[in-house]
Amino acid sequence: MYKKSVHFLLFFLLSSCSVLLPGKNTLKSNQKKAEQYSKIITQAELKKHLKIISSDEFEGRETTTIGQKKAANYIKNHFIETNTKSAFIDTVFFQEFPVEVLDFSKVELYYNKTKLNFINDFYPYGNPINNSYENIPIVNVGYGILSQNRNDYTGKKTKGKIVFIKQGLPQNNTEDIKEGNWRRKVQTASKSGAVGVVFLKSDYANSDQRIKEHLKKPVMQLHGNQKTKPQIPVFVVDENIIKRLNKDSNTLTFNTNVSQMKTGENVLGFIPGVTDEIIVISAHYDHIGYDRGEICNGADDDGSGTSSLLSISKAFQKAFDEGNQPYRGILFLAVSGEEKGLFGSQFYTENPVFPLNKTIADLNIDMVGRQDSVQKDNNYIYLIGSDRISKELHTINEKVNNKHIGFKLDYTYNAKDDPNNFYQRSDHYNFAKNNIPVIFYFGGLHEDYHQPTDDFEKIDFFKLERVSRFVFLTAWELAYRKKNLSK
């Protein structure tokens with residue numbers, strides 16, 4: 001599950017029991033058949049998938065990596081083996097999306113032909129243009145301020161050169177507070193024709209530790225999602241190193257080719273319906289890769305949801321092969337890039353294979369194989385978003401649970417003031433943003449969340465089987481009933 005910078009205030013959570021609405025919203029599909037095919041989903045089947053998906057061979061399934069590609073191929077091969085068709089006209093199961101990978105450790109910086117050490121001596125800052133220069137002259141522009149009150153560029157020829165700038169403002173200067181902002185200084189330097197900026201830092205070794213740690217690991221963004229425009233390269237440099245290497249005539253050489261275009265893949269299996277309407281069952285198969293050299297296998301997050309999706313697809317395909325065509329098509333959407341910011345589901349909803357106005361619901365499965373740190377037993381599931389867009393979807397889901405499963409349904413995280421904001425933190429949200437009814441099935445957080453210890457051996461497969469059957473039975477009702485879903 002995508003981790004935003006929020007505090008997990010779990011200690012006050014209370015569970016809520018399901019309350020059914022009376023009257024016309026009864027289950028309208030063949031429930032005997034639904035239950036029959038749901039039994040194809042077994043603990044053995046789930047174990048088979050999850051043992052492979054969460055193995056070290058897949059290296060934590062980080063988006064764009066070899067491990068993620070291996071997982072994508074495993075899902076594709078499952079669809080082929082079970083006779084599930086591609087969602088595309090041809091036999092290609094992959095929907096590729098572009099990912100820009102920024103690896104700041106590739107930045108090189110030389111002062112007077114001496115190579116400076118990344119992090120130990122300097123770090124790049126901001127969103128640099130991919131560029132490289134050799135032996136560029138340096139101009140010191142003091143605090144780099146250009147305002148009505150002060151001009152540090154007077155008499156300085158900075159075009160085509162590197163400017164050295166002190167951070168902050170001169171002592172007792174209260175008139176140029178806005179000009180002390182680093183972005184403003186970089187803009188001023190760029191307008192003066194400078195090709196790069198160096199901020200000199202006197203206490204470099206003891207400052208900006210969080211920034212330095214962040215820069216050690218590559219970051220990703222969905223191509224086109226850039227929030228800021230690239231600017232001329234900016235470096236924060238240890239002032240003591242500069243003083244030690246200083247000469248009468250100083251030059252700087254740098255390379256800021258940190259950006260590389262790669263791809264992530266969504267894997268799409270499909271069962272056609274009688275009509276052109278569809279329902280979506282989604283789960284993300286990517287995880288976070290490595291943490292300080294240890295593989296994070298993501299058995300629960302979201303190997304559990306992925307294994308569930310594959311088992312559900314097999315059950316639906318079996319029903320289809322035996323002559324039970326659904327009224328609505330069923331799209332099995334396995335996405336990657338979720339951990340990086342819901343990339344895969346965003347790309348799908350911006351480039352849908354099936355029209356969004358024909359998509360009646362998304363059932364999203366994320367972290368459903370464990371007991372969290374709040375519940376007293378494992379006979380529960382958190383439901384998020386089920387009543388936000390369609391009250392009838394909420395009711396159908398509860399009726400399915402009462403008839404077939406018997407979970408305690410907990411809506412704590414569905415509260416609009418939930419501080420964890422889980423409603424916006426998994427792939428269903430990109431459907432909800434398009435006014436498509438959603439349900440997010442969620443088991444809650446535990447001590448192994450985003451840790452190397454989220455392993456296969458800790459999964460409760462009895463629970464995972466029940467959750468998978470629950471999603472299947474709700475999806476069956478949506479796919480096989482002829483009545484439209486009201487909002």
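Before any of the text, the structure's been laid out above.
Q: Got a sec to walk through the pattern of salt bridges? Specific residues and values, please.
A: On inspection of all chains with the given rule, the structure shows 19 salt bridges. The closest approach of N and O atoms between Lys340 and Glu62, which form a salt bridge, is 2.6 Å. In this pair, Lys340 sits in the loop between strand S16 (329-335) and helix H8 (343-350) while Glu62 sits in the loop between helix H2 (43-53) and helix H3 (66-81), placing the two residues 278 residues apart along the sequence. Residue Asp208 is joined to Lys201 by a salt bridge in which the shortest nitrogen-to-oxygen separation is 3.0 Å.

Q: Please provide a residue-by-residue account of the packing of helix H7 (residues 299-321) against helix H11 (residues 461-480), values included.
A: A packed helix pair is summarised by two numbers, namely the angle formed by the two axes and the spacing between the axes. At a minimum axis separation of 9 Å, H7 and H11 run at an interaxial angle of 45°. Taken together, the axes of H7 and H11 lie oblique to each other. The handedness of the crossing between H7 and H11 comes out as right-handed. Touching Ser304, Ser308, Ile312, Ala315, Phe316 and Ala319 of H7 are Leu464, Ser468, Val471, Phe472, Ala475, Trp476 and Tyr480, all from H11. When the residues that make up the contact of H7 with H11 are grouped by side-chain class, the tally is 10 nonpolar, 3 polar and no charged.

Q: Residue-level account of the sheet that holds strand S5 (residues 122-125), with values.
A: Ordered by their spatial adjacency, 8 strands build an open sheet running S4-S3-S11-S6-S7-S8-S10-S5, and the pairing between neighbours is mixed. The sheet is open, and its two borders are formed by strand S4 (114-115) and S5, each paired with just one other strand. Of the strand pairs in this sheet, strand S8 (residues 196-201) and strand S10 (residues 234-238) are connected by 5 bridges, and their pairing is parallel. Within S10, the residue paired with Leu200 across the bridge is Val237.

Q: So, the pairing of strand S17 (residues 359-366): which residues are in play, and what are the values?
A: Burial within S17 is extensive, with 8 of its 8 residues counted as buried. Sheet analysis places strand S13 (residues 278-284) next to S17, joined by 5 bridges and oriented parallel. Bridging from a neighbouring strand, Val280 pairs with Asp362 of S17. Across 5 bridges, S17 lies against strand S20 (residues 438-442) in parallel orientation. Along S20, the bridge assignment pairs Asp362 with Val438.

Q: Describe the environment of Ala475, naming the residues involved and giving the relevant values.
A: Considering the arrangement of structural elements, one finds Ala475 in helix H11. Residues Ala475 and Ala415, spaced 60 residues apart in sequence, show a C-alpha to C-alpha distance of 24 Å. Ignoring anything within four residues of it in the chain, the contact list for Ala475 reads Ile279, Ile281, Phe316 and Leu363.

Q: For the packing of aromatic side chains, give the residues involved together with the corresponding values.
A: Here the structure, examined in full by the defined rule, presents 30 aromatic pairs. Summarising the aromatic geometry, the rings of Phe472 and Trp476 are spaced 5.9 Å apart at their centres and angled 45° between planes, so their arrangement reads as tilted. Taken together, the residues span about one helical turn, with Phe472 and Trp476 both in helix H11 at a distance of 4 residues. Here the two residues Phe472 and Trp476 agree in accessibility, since each one is buried. One aromatic cluster is present, built from ring pairs that chain together Tyr37, Phe79, Phe93, Phe316, Phe332, Phe472, Trp476 and Tyr480. Lys463 extends its terminal NZ or CZ atom over the ring of Tyr380, reaching a point 3.5 Å from the ring centre. In this arrangement the basic side chain of Arg466 is found over the ring face of Phe407, its NZ or CZ atom lying 4.3 Å from the centre.

Q: Describe unusual backbone geometry, listing the residues and the values that go with them.
A: In this structure, the amide linkage connecting Asp301 to the following residue, Asp302, adopts the cis form with an omega of -10°. Mapped onto the fold, Asp302 is located in helix H7. A positive phi angle is found at Lys113, which is not glycine, with a value near 70°. Assignment of secondary structure puts Lys113 in the loop between strand S3 (108-111) and S4. Judged by relative accessible area, which is 67%, Lys113 ranks as exposed. In the Ramachandran plot, His450 falls in the positive-phi region, its phi being about 60° despite a non-glycine side chain. Inspection of the secondary structure assignment puts His450 in the loop between S20 and H11.

Reading the values: rules and limits
Residues numbered from 1 in each chain as written. Predicted model: local features only at pLDDT ≥ 70, side-chain atom pairs only at ≥ 80, totals over all residues. Heavy atoms only, no water. Salt bridge = Lys/Arg side-chain N within 4 Å of Asp/Glu carboxyl O. Helix = DSSP H or I, 4+ residues; strand = E, 2+ residues; numbered from the N terminus. Axes fitted to C-alpha atoms, helices over the stretch in contact; angles between N-to-C directions. Parallel < 35°, antiparallel > 145°, perpendicular 65-115°, else oblique. Left-handed = near helix turned anticlockwise from the far one by under 90°. Contact = heavy atoms within 4.5 Å. Nonpolar A, V, L, I, M, F, W, Y, C, P; charged D, E, K, R; others polar. Pairing = 2+ DSSP bridges. Buried < 20%, exposed > 50% of the residue type's maximum accessible area, 1.4 Å probe, protein only. Phe/Tyr/Trp six-rings, centres within 6.5 Å; stacked < 30°, edge-to-face > 60°. Lys NZ or Arg CZ within 6 Å of the ring centre and 35° of its normal.

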